[in-house]
Amino acid sequence: MIAADAERWKRISPLLDGLLDLSDEARAERLAAMHLYDPALADELASLIADAARAEDEQFLAGHAGLPADLRGGAAPSLAGTRIGAYVLETPLGQGGTGAVWRASRADGRFVGQVAVKLLHLSLVGRTGALRFEREGAILARLSHPHIARLLDAGVAAGGQPYLVLELVEGERIDRYCDAARLGVDERLRVFRDVLDAVAHAHRHLVIHRDIKPSNIMVTADGSVKLLDFGIAKLLRGEDEVEAVDLTVERGGLLTPDYAAPEQLRGEAITTATDVYALGILLYQLLSGRHPTTRPGATPADTMRATLVADPAPLPGAVTGGYDSAGHDVERIAEERGTSAPRLMRELRGDLENIVAKALKKAPAERYPTVDAFADDLRRHAVNEPVSARADSFAYRATRFVRRHRGSVAAGGLTLAAIVAGLVGTIFEARRAEQQSDLALHEAAIARRERDESLQQQLLQRGSNEFLQLVLRDAAGGDPGAIRKQLDRATVLIARTRFEQPIVKVALLRQTAARYAELGDIDATERLLRQAIASIQGTDLAAPTSGVPVNLACSLARTLHEMNDQQGALAEVDRADRLIAAGAQVELPSRAACRIQRSYVATTLGNHRVAVGILKDTLRQLADAGVREGEQPRVIRSALSMALAAAGDNAAAMAIARPLLAESEAGQGRESMAVLRRSSVVTGLTRTGGDPLAATALAEADSALAARLLGGGRVDAAIALERGRGLLELARFPEAVQAFAESRRAALASKGLIHVLPAGLGETEALLREGQVEAADDRFGELAPLRDAAAAPLRIESWRVAALLAIAEGDPAAARRSLDAAEREVGTEGGPSHPQAFAIAMARGEALLADRRADAGALAVADRALAAARRVALVPDRSSDVGRALLLRARLLAIAGRADEARRDGAAARTQLAPTLGPTHPETLAASALAS
């Protein structure tokens, strides 16, 4: 592997991760593009990828090739006394599929105490994997929780042997401890909740265990739970690199058949829901003494088949008396729980049965969305409160039937299933509103409807079911994954179908419009919503007490917002509020949806405090009503993170965005538009928080996911816009121009006009930085109508770009006028704490550098930029914005002849810029030159 110093590796690592995730063809295209602007970097990445391929081949063909002779056997006695890093091995503690574990002591005298050193087989980590292993080890070492055995250190010894240094835990595995102590059901649940607390802590740090089982959970003599081997699988492979493995053996700590989730066995994406499934198995065993699907003595192949096909036996059914058909001595099991078999069966019936069943759902999206939700249900059970887990309904069983026959339905049918799932809630909400309307208007109609209620429900169910069957039959001949084609067919079918109940058509139009919105097709979204509004005219659905017009108004408001018609969006939200005030019967979730739309408009107009206040208040109202989980609270939290980010509070925004993304991935899987949107928020915050290098790697992954979801070569305007911003900051100007142009074209094509001006301004700056001043001026001129009508945030950005153009064209007076206008608005909207204060100060600095002005006023500008950068940085000592402000100050000091101070600030700038922009970035090189 080509040698790389630590700083260069920080730049290479995320780029390499992104390339390894691509197909061979896409990887070749990406490398060719990189070669245009940094041939050395592209060649180095190509060499690393070739090394990775060779390393994989060597591991497959040679097993432990390259392992020192005395390590090939794992726990060879000759290793006693061997020094590994700062530790000396003493006695072997065990050996497993991933390597050997030794008791060891610190050898450098820094502290006295013993640790566990795990020597991983070299076959588990390739040549490129060694550096990744060290990087991930540093991440996991930050996990600090009383119930997690801490990873103290991780590294690769001189001979290439990977090792982990872990907290030494001495005790019994959790199942044996509980049995030996004869713990009852409640006591076992208390112990299990400690496990949940540990796993939830790691999930909040975006670390997934992937191998939860009794042997990885120890209980010490004082009853303290310790979770072991946390994240070892993450150390062995990158987060997106978990692959299907030989399921007949435990390999690399990645998978144990008895505790693997269905998605692991199928080689699908591993999420936090995978850990929820393993925790469900563990709880089932702790309570019943049995495995939920596997019989004793089953082969790994039988275990795999049962996990994929067999439904877990109901928890109370595990306790039947005597010996059950699987050979379990249930009387002994009950005795180990301090009770009798009949009483144990009664304790396990009801809520506990439903809680465990929910954790063990085959589909990740049907399990608990988070470990915290799992723990909350157990807490509610303990205090006799209602739990969220419920026994399976007929609708759930019918959905399971569709999933078992997904081959004949086609993957695109899942999108249509989402339409129908939303349809159910919309129909019955409208039915309630319709009933309330008639109650106020016609008491006689109430009696008639009560007589006909059964018939009406049958007609409603028959109509929606017939339409669903029609949709699914049509989807069966479709192109799997072509979601847009499925929606286009659904739209045609809605237009052709005559519905006995108007609400069915309204609901279908609204739900189909929502799916188009997820794909970024705002034109189709608006068209369907206006059809829905037209279809209710002259029907009971338009009655004063009906909630349907309110819901449609709020949906249309979101669409108009995306079309950059903020005043139109506000008018729709105001209309919805007037309908509610006039007596429209609307449930709290629908009112909350309207408030979300108002917050979007407020953010776009620059009223960030208003937006944040609306969203926090809405979350509080939902929580007071008992609505704390589900998609709507997630939508509001996502909107809140974006509002906080727009306000410049990146730290608070990221504290919401990262856990929300993990929760959404666990509940919905990675391949969904909702998860993509939330992933893009994290990407944007990573960039604005000061790490464009990492953000651009995330943006590449977001773009790849968007391409898969949209299909047909379509581009998502918002995703392309964020990718362009990262590329611009990394000085990859040709790629940035292309990304911004793609975003602008996609926004125009879909009428998502809210992205047109930001993309055009980004394209202008990228062209300018590339030296294409005339082309930049032309693009900026084309944007004049949008700039003139822009809200405050984009007006400020337009003035900044105008100033940069003026500087490039040698017109410092025009640059100053533009910056004066921007600063006046920044001062009006919040002054130094304004989220755009840093960008304006830096543009002012460029103007000063062009004039070679370095007086006290110029240095004050640099100081303002530095203060603003530190306010928005996620990590103030690792921020590209802080580095750029320091570089500005160093340049001004150099012009002023204050060489020592310039060298000091240049060195400080280099420390910030190298890890966040890369060591070869022009600004990093400029800082290095000043430092020397």
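Since the structure is predicted, the reported quantities are computational estimates derived from the model, not experimental observations. (Residues numbered from 1 in each chain as written. Predicted model: local features only at pLDDT ≥ 70, side-chain atom pairs only at ≥ 80, totals over all residues. Heavy atoms only, no water.)

A closer look at the overall build of the protein chain
In terms of helices and strands, the protein chain carries 41 helices and 9 strands. When burial is assessed residue by residue, the protein chain has 53% of its 932 residues classed as buried. Counting only carbon and sulfur atoms, one obtains 53% of the accessible surface of the protein chain, whose full area is about 39000 Å². (Helix = DSSP H or I, 4+ residues; strand = E, 2+ residues; numbered from the N terminus. Buried < 20%, exposed > 50% of the residue type's maximum accessible area, 1.4 Å probe, protein only. Areas by Shrake-Rupley, 256 points an atom, 1.4 Å probe, with all protein chains shown as cover.)

Examining the packing of aromatic side chains
Remark: the centre distance and the inter-plane angle together describe each pair of aromatic rings, the angle taken between the planes. In this structure the tally under the stated criterion is 2 aromatic pairs. Residues Phe 192 and Phe 374 carry aromatic rings whose centres are separated by 5.7 Å and whose planes lie at 65° to one another, so their mutual orientation is edge-to-face. On the criterion of sequence distance, the pair formed by Phe 192 in helix α6 (residues 185-204) and Phe 374 in helix α14 (residues 371-382) is long-range, its members being 182 residues apart. By relative accessible area, which is 0% here, Phe 192 ends up buried. The interplanar angle of 5° and the centroid separation of 5.0 Å between the aromatic rings of Tyr 368 and Phe 374 together place this pair among those described as stacked. Cluster of aromatic residues (ring-pair linked, three or more members): Phe 192, Tyr 368 and Phe 374. Taking the ring centre of Phe 780 as reference, the NZ or CZ of Arg 787 above it sits at 3.8 Å. (Phe/Tyr/Trp six-rings, centres within 6.5 Å; stacked < 30°, edge-to-face > 60°. Lys NZ or Arg CZ within 6 Å of the ring centre and 35° of its normal.)

Looking at the packing of helix α27 (residues 650-668) against helix α28 (residues 673-688)
Direction vectors running N to C along α27 and α28 enclose 150°, while the axes themselves pass 9 Å from each other. Regarding the angle of α27 to α28, the classification is roughly antiparallel. Regarding α27 and α28, the two cross each other, and that crossing is left-handed. Contacts from Asn 650, Ala 653, Met 654, Ala 657, Arg 658, Leu 660, Leu 661, Ser 664, Glu 665 and Gln 668 of α27 reach α28 at Ala 674, Val 675, Arg 678, Ser 679, Val 681, Val 682, Leu 685, Thr 686 and Thr 688. The residue makeup of the contact of α27 with α28, split by class, is 10 nonpolar, 6 polar and 3 charged. (Axes fitted to C-alpha atoms, helices over the stretch in contact; angles between N-to-C directions. Parallel < 35°, antiparallel > 145°, perpendicular 65-115°, else oblique. Left-handed = near helix turned anticlockwise from the far one by under 90°. Contact = heavy atoms within 4.5 Å. Nonpolar A, V, L, I, M, F, W, Y, C, P; charged D, E, K, R; others polar.)

Observations concerning the pattern of salt bridges
Following the criterion strictly, the structure yields 49 salt bridges and no others. Note that Glu 170 and Arg 103 form a salt bridge whose closest N and O atoms lie 3.0 Å from each other. Of this pair, Glu 170 sits in the loop between β6 (162-167) and β7 (172-173) while Arg 103 sits in strand β3 (residues 99-106), placing them 67 residues apart in sequence. Exposure remark for Arg 103: the relative accessible area of 17% places this residue in the buried category. Among the ionic pairs, Arg 687 bridges to Glu 729, the shortest N-O distance being 3.2 Å. Of this pair, Arg 687 sits in helix α28 while Glu 729 sits in helix α30 (residues 717-729); the two residues are 42 residues apart in sequence, bridging distant segments of the chain. (Salt bridge = Lys/Arg side-chain N within 4 Å of Asp/Glu carboxyl O.)

Topic: the sheet that holds strand β9 (residues 225-227)
Strand order in the open sheet made by the 3 strands is β7-β8-β9, with antiparallel pairing throughout. Each end of this open sheet is capped by a strand with a single partner; those strands are β7 and β9. Alignment of β7 against strand β8 (residues 217-219), held across 2 bridges, turns out to be antiparallel. Across the sheet, the residue bridging to Glu 172 is Val 219, located in β8. Seen against the sheet, α6 touches β8 and β9 and runs at an angle of roughly 35° to β9. (Pairing = 2+ DSSP bridges.)

Describing the confidence of the model for the protein chain
Mean pLDDT over the protein chain works out to 78, with 75% of the residues at or above the 70 mark. Ignoring residues within four places in sequence, the model shows residues 321-327, a span with pLDDT below 50, making 15 contacts including any to other chains. (pLDDT = per-residue confidence, 0-100.)

Quick notes on helix α40 (residues 899-917)
Those residues of α40 not exposed but buried are Ala 902, Asp 905, Gly 906, Ala 909, Gln 912, Leu 913, Ala 914, Pro 915, Thr 916 and Leu 917. Gly 918 sits one or two residues past α40 and shows a positive phi near 105°.

Digging into the state of the cysteines
Considering all chains together, one arrives at 1 disulfide under this definition. Here Cys 554 connects covalently by a disulfide to Cys 594, the sulfurs 1.6 Å from one another. Between Cys 554 and Cys 594, the S-S torsion sits near 90°, and that sign places the bridge as right-handed. Remark: Cys 594 occurs in helix α24 (residues 588-604) and Cys 554 occurs in helix α22 (residues 548-562); sequence separation between them is 40 residues. (Disulfide = S-S within 2.5 Å.)

Topic: the nonpolar core
One recurring pattern in soluble globular proteins is that nonpolar side chains are buried together. Ranked by size, the top nonpolar core spans 63 residues in total, and within it Phe 838 and Leu 892 carry the most contacts. Those residues in contact with Leu 892 that lie beyond four places of it in its chain are Leu 848, Leu 849, Arg 853, Ala 854, Ala 858, Leu 859 and Ala 862. Counting 53 residues, the second largest nonpolar core, distinct from the first, contains Ile 148, Ile 174, Val 219 and Tyr 284. (Core = buried A, V, L, I, M, F, W, Y, C linked by side-chain atoms within 4.5 Å.)

Section: α14
With 12 residues, α14 should cover 16 Å at 1.5 Å per step; its first-to-last C-alpha distance of 17 Å lies within 8% of that length. Taken residue by residue, α14 has Val 371, Ala 373, Phe 374, Asp 377, Leu 378 and His 381 as its buried positions. One face of α14 carries all of its buried residues, which in axial projection span an arc of 170°. Buried-residue contacts for α14 involve α6, α9 (272-288) and α13 (351-359). With its phi angle positive at about 60°, Asn 384 sits one or two positions after the end of α14. (Expected span 1.5 Å × (residues − 1). Arc of directions from axis to C-beta.)

Observations regarding the pairing of strand β4 (residues 114-120)
Judged by how many residues are buried, β4 sits mostly within the fold: 6 of 7 residues are covered. Taken together, the 5 bridges between β4 and β6 define a ladder with antiparallel strand orientation. Bridge pairing links Val 117 to Val 165 in β6.

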